[in-house]
Amino acid sequence: MSAPKLVQGYEVVIGFETHAQLSTQSKIFSRASVAFGAEPNTQACAVDMALPGTLPVMNVGAVERAIEFGLAVNSHIAERSIFARKNYFYPDLPKGYQISQFEIPVVQGGEVSFFLEEGKETVHKTVRLVRAHLEEDAGKSLHEDFIGQSGIDLNRAGTPLLEIVTEPDMRSSEEAVAYAKELHKIVTWIGICDGNMQEGSFRCDANVSVRKPGGELGTRREIKNLNSFKFMQQAIDFEVRWQIDQIEDGHAIEQATVLFDPDTGETRAMRTKEDAADYRYFPDPDLPPLVISRDWVERVKSDMAELPRVMAERFVKDYALPEYDATQLTQSKAVAAYFEATAKACGQPKLASNWIMGEVSRRLNSGEVTFDTIPVSAAQLGALISRIQDNTINNNSAKQVFEVLWTDDANAQGAADPARVDAIIEAKGLKQMNDTGELEKIIDEVLAANPKNVEEFKAGNAKALNGLVGPIMKASKGKANPAQVNALLMKKLS
Amino acid sequence: MTTLHNMGVAELAHALQTKQVSAVEVATAFLARTGGNPHNTFLDIDSEVTLAQAQASDARIAAGTAGPLEGVPIAHKDVFVTRDFATTAGSKILSGYRSPFDATVVQKLSSAGMVSLGKVNCDEFAMGSANENSAYGAVTNPWDTTHVPGGSSGGSAAAVAARLAPAATGTDTGGSIRQPASFCGITGIKPTYGRASRYGMIAYASSLDQAGPMARSAEDCALLLSAMCGADLDRDSTSLDMPAENFSAKLGDSLAGLRIGIPKEFFGDGLAADVRTAIDAALKVLEAQGAKLVPITLPRTELAIPVYYIIAPAEASSNLSRFDGVKFGHRASAYTDLVSMYKKTRAEGFGEEVKRRIMTGAYVLSHGYYDAYYLQAQKIRRMIADDFQRAFAECDVIAGPVAPTVAWKLGNNASDPLADYLADIFTLPASLAGLPGMSMPVGFGEGRLPVGMQLIGNYLQEARLLNVAHQYQLNTDFHNAKPEGV
C-alpha cells in the first residue's frame, strides 16, 4: 500500500452505498413483472399499490441472488435476517414504509479487491464491505408530465434491490471509481444484476469527507444517485474541492445529502441533517425472519459460475500470466472466454493476453463493438498469433492482417474462419522475408547508399542504426523480419 | 321447521342440502330482517348481489355440486375486503372504497357455498371495545339497545344475536371476537395466529390480527372455522403451513378427565360479581361432565395491557400510513401542497381513537424511545407466551371470564379511553401469545345482559376448545337464548 494521496494537504475518505437491482422476473414481495419501460402503472399489482388487505410474500429468487453476492465477495450469509419497515410519507412510496433490512442484514462483511493504476504503478486495493441487504425500490414521481400536479408511476415499486455498503476505505475518486467498476463487474458476472446504469439498475451513493492525515473522520456529505462512472469521478472531485474550500474558509461541513448536476458539474445540497426523518424502523410483522440454511447456501454455491477472482487465479496458474493480465482478462465473462479460446488456438497465452489487452481492446474502445459482436474470432486471432510465432509474418504485418479481419466485409459475413488469416497474408503479400540471400542484397544496397550513417555508427553512435533499419524495412516492403535485419546489420558492421 | 332466521348454520345447511328450503328463500328471509338496519349493524347491503349468490347456490345444490355450507348466509366484518360490497373498515377514509379482490377468508367461505348478506359495522380499523368508534355510528346491543355490543366486531355480534344473520366473520386483535360475542350472548372463536389467512383483512396490528367465526353455537363455529382456515403461503407469509382441518369431526369427545386451568389473576377484585357468578356456575357444569379444575397462575396478566397498547399501536401507526389520499379512499378537497394534503386528508379521514393509536404508535417507535417501549414490550410479550406454556403443563384448557363486566352503557367510557383499554385485560394475554381463544354464552348478569366464558387452548387446539364448548352447550341452553322481540 502506498501512502495516502493528499489533496491540498487533506486526505479524502469515501464510502459507498450501491443499489443493485436484482435480475429477478418478478418483484421482491409480489408477482408483478419488473421489466423496464412499460406504460406507467401497468406493472403494479394490488400488493405494489398497497391496496388495503395486501401482504408481502418474499421472492426466493431475490434471496438466492443475495446469497450469490455474499459468496462472491466472501461475506457471511446470515442464517437468520430480519426485514424491517422504514417509515416515511412520500407519494411514490405506496405503503408509507419501505420494506428493508435494518439491524440484521442477509449479507454481512466481505470485501472487494481490484487493481488500480497509480502513476506508473499498478496498485492492489481492497475495500471492506459492511453489509448488503435486501429491500424494495419505490415508485417514481413524474413531475414533468402533468401541469400543476405530479404523476405517480408504481411500476418500479417493489423492484428487488440489494444495497451494498462499504467501510469508508477509499482515498480518492480514482479508487472510488475503480471500486464501483469492480463491484459492477462482480454483480454482472454472477448475473444477479444487469448493470444497466442508465436504467438505474446500478446506482451509487458516495459518502465523501476530508480530513487532515491522521485526524478524526470529517463530517460526510452523501452524493446521491451517481449513475455513470464519469459523473461519479466528477462529482467526487468537485465535492472534495468544495469541502476543502469550505474548511479552508473557516466553515464547518454540515452533514447533508447532495445531488450532482452533470450540466454544471457541481454538487448541491438536497437536505441537511436537521431535516433528517426519524424512520421509526421496526421489524416487519408481515414477514417472518428470513432463514437461510447451510444447505441452501451450498446449493447456491454449487450452481454458481466460476468467480472472476477464482478464474484469475487459474489464469495465473494454468497460463503463467502475470496477476495484472489475469485480472484484466477477467473483467467480464466475454473477455475471459475470448482469451481462453485464443490461448488454446495458438498455444501462446501471454501473446494472446498482449493482443487482447492491446490491439483488441483498442479497437473495442474506439467503436460500438463488444466481445459479443466482435468481428475477429478467437480462432482467427489464435491463427494470427501462430503466424507471428512461426515467423511467417512480423508484428507489423500482423496488425495489418488484424485490421483487414476487423473491417473486412467477408469476415463480417460470418466467415470467421482461421483460414482467412493465411488468405489475407497471401493476398497482401505480407509473408516475412526469411530468405537471407535476398535480405542481404537489400542490406548491402542500403549500406552503400548511406555511408554517413555507417560511419557514425562505427564511431559509436548507436542511434545511427535506426537510420539504416528504416530504409531496409521499407525496401523489403515491411516484410523483413526485424530481428533478422538487426542480426545481419550487426554482423556486417562489426 | 323453525322460522328460517332462528335456524343456525348447521340446521340451515342441512335444510338446504335436503332441499327443504332454497338458498333464495333463506337469503330473502334474512334480507327482509335487515330492513331499517336494526342496531345499525350493516354498512353495505346489496340484495341483488346476495340473491344472485343464492341463485348460484341453488343451481349447485340442484347439480349436486354443493359445498358444505351451500346457501347458508353470512355477514362479513367490514375489515374484510370484498369485490361485491364496499369496504370501509368503519372509517371515513375508506368511504365507498371497493376492493378489486376478495379477502382469502371471504373467498374460502364463498367456495364452501356461503352467501354474503353484506358488510357489518365495526370499530374504525378494528380499534375499540364497544363499537362506538365507527365513523358510521355506534352499534347497539340487541339485548338492551342502551348498551354497547362490544367491539371491535360489534356489528358481527349484534347481527348474529338479533338473528339478522346466522353467522358473521369477525377479527380479533386483542379480543375483538371474544368480547363482543360475550356481550351479545353468542359463540365466537379466534384461532391460533396464522390459522386463517390475513390476506384481504385490512391490517390493524399485523402480529396479532386473526380472523374467526361468530355464530350461535360451537357446532356452528366449528363448521365455519373448518371452511375459513388453511395455508395461504402465496399471499400471507404469516399463514401457518397447515392443511385445513375438519373441526366438526372432533365434537364428540367426553370431558371426563379434562384438566381446566383456572388462572387466579382472572378472578381478582376487578371481576364483577354478576360475571363471576355466571362463570362459577358454568365451571360447575363442566365439572359435572367430568372435567377437573386446576388452579394455575398467569402472573403477567396485568402487564398484557401496556404491552398490547404499545405493540398494537406501533404496528397500526405503520399499517395505516398507506391511507394518505394518494392512491385510494378519501382525499381532502382543499390543500396547498403535498404535506397539507396528507395532513388534511388524514385529519378528516381518521377518527379520534385511530389518531390516538397512530400517535401512540409513532411515539413508541421513535428514535430514543424504541428500546424503552417497543423492545421492552416485545420482551414481556415473549414472557407472557412462556407463562402460558408453563400453565399448559398443568392443564388442557384455560377457562375464565372474557370481560370483567357485562356490556356497559353507550357513551359510558366516551371521555375515558383508558377504561376501555383496561376492560381488555382477560382477552389480551392469549392474543399476545398467539393462542386460540373463544367465548361462549354462560348466563346473564345485571340487566339480563349476557355473560361469556373464555376458553383458551394451546397452539392449534381449536378442536379441543370447540369440543369443550359444544359439550357444555349440549347440556345448557344459553346459546339458544335470544333477545326479547327477536
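Everything quoted here is computed from the prediction, not taken from an experiment. (Residues numbered from 1 in each chain as written. Chains lettered and ligands numbered in written order. Predicted model: local features only at pLDDT ≥ 70, side-chain atom pairs only at ≥ 80, totals over all residues.)

Q: What should I look at first to understand the domain arrangement of chain A in this one?
A: Split by domain assignment, chain A resolves into domain 1 (6-296), domain 2 (306-428) and domain 3 (436-493). Taken over C-alpha atoms, the centre of domain 1 of chain A sits 63 Å from the centre of domain 3 of chain A. (Domains from an automatic or database assignment.)

Q: Is there a simple way to think about the confidence of the model for chain B in this case?
A: Interpretation of this model should avoid reading the predicted coordinates in detail wherever pLDDT is low. Summary statistics for chain B give a mean pLDDT of 97 and a share of 100% for residues scoring 70 or more. Two summary scores accompany this predicted model of the complex, namely pTM at 0.90 and ipTM at 0.97. (pLDDT = per-residue confidence, 0-100.)

Q: What exactly am I supposed to notice about the packing of helix α9 (residues 304-319) of chain B against helix α12 (residues 371-392) of chain B here?
A: In helix packing, the relevant descriptors are the interaxial angle and the interaxial distance, both defined with respect to the helix axes. All names here are of chain B. The contact between α9 and α12 brings their axes to 9 Å, and the two run at 125°. Put simply, α9 runs oblique to α12. In the crossing of α9 with α12, the sense of the turn from one axis to the other is left-handed. Across the interface between the two elements, Ala304, Val307, Ile310, Ile311 and Ala314 from α9 touch Tyr373, Tyr374, Ala377, Ile380, Arg381 and Ile384 from α12. Residue classes in the contact of α9 with α12 are distributed as 10 nonpolar, no polar and one charged. (Axes fitted to C-alpha atoms, helices over the stretch in contact; angles between N-to-C directions. Helix = DSSP H or I, 4+ residues; strand = E, 2+ residues; numbered from the N terminus. Parallel < 35°, antiparallel > 145°, perpendicular 65-115°, else oblique. Left-handed = near helix turned anticlockwise from the far one by under 90°. Contact = placed C-beta atoms within 7 Å. Nonpolar A, V, L, I, M, F, W, Y, C, P; charged D, E, K, R; others polar.)

Q: Would you mind going over the sheet that holds strand β5 (residues 83-87) of chain A with me for this structure?
A: Hydrogen bonds between backbone groups are what pair the strands of a sheet, and the pairing can be parallel or antiparallel. Residue and element names in this part refer to chain A. The strand order β6-β5-β17 describes an open sheet built from three strands, whose pairing is antiparallel. A strand with exactly one partner marks an edge of an open sheet, and here the two such strands are β6 (97-101) and β17 (282-283). Two elements, β5 and β17, share two bridges in a ladder whose sense is antiparallel. Directly across from Ala84, in β17, lies its bridge partner Pro283. (Pairing = 2+ DSSP bridges.)

Q: Where do I start with the interface of chain B and chain A in this structure?
A: The accessible area lost on association of the parts is a frequent measure of interface size. Counting from both sides, the interface comprises 35 residues of chain B and, opposite them, 26 residues of chain A. The set of elements that each furnish at least two residues to the side of chain B that touches chain A consists of α9 and α10 (338-349) of chain B. Sorting elements by how many residues they give to the side of chain B that touches chain A places α9 of chain B first, with three residues. The residue makeup of the side of chain B that touches chain A, split by class, is 16 nonpolar, 11 polar and eight charged.

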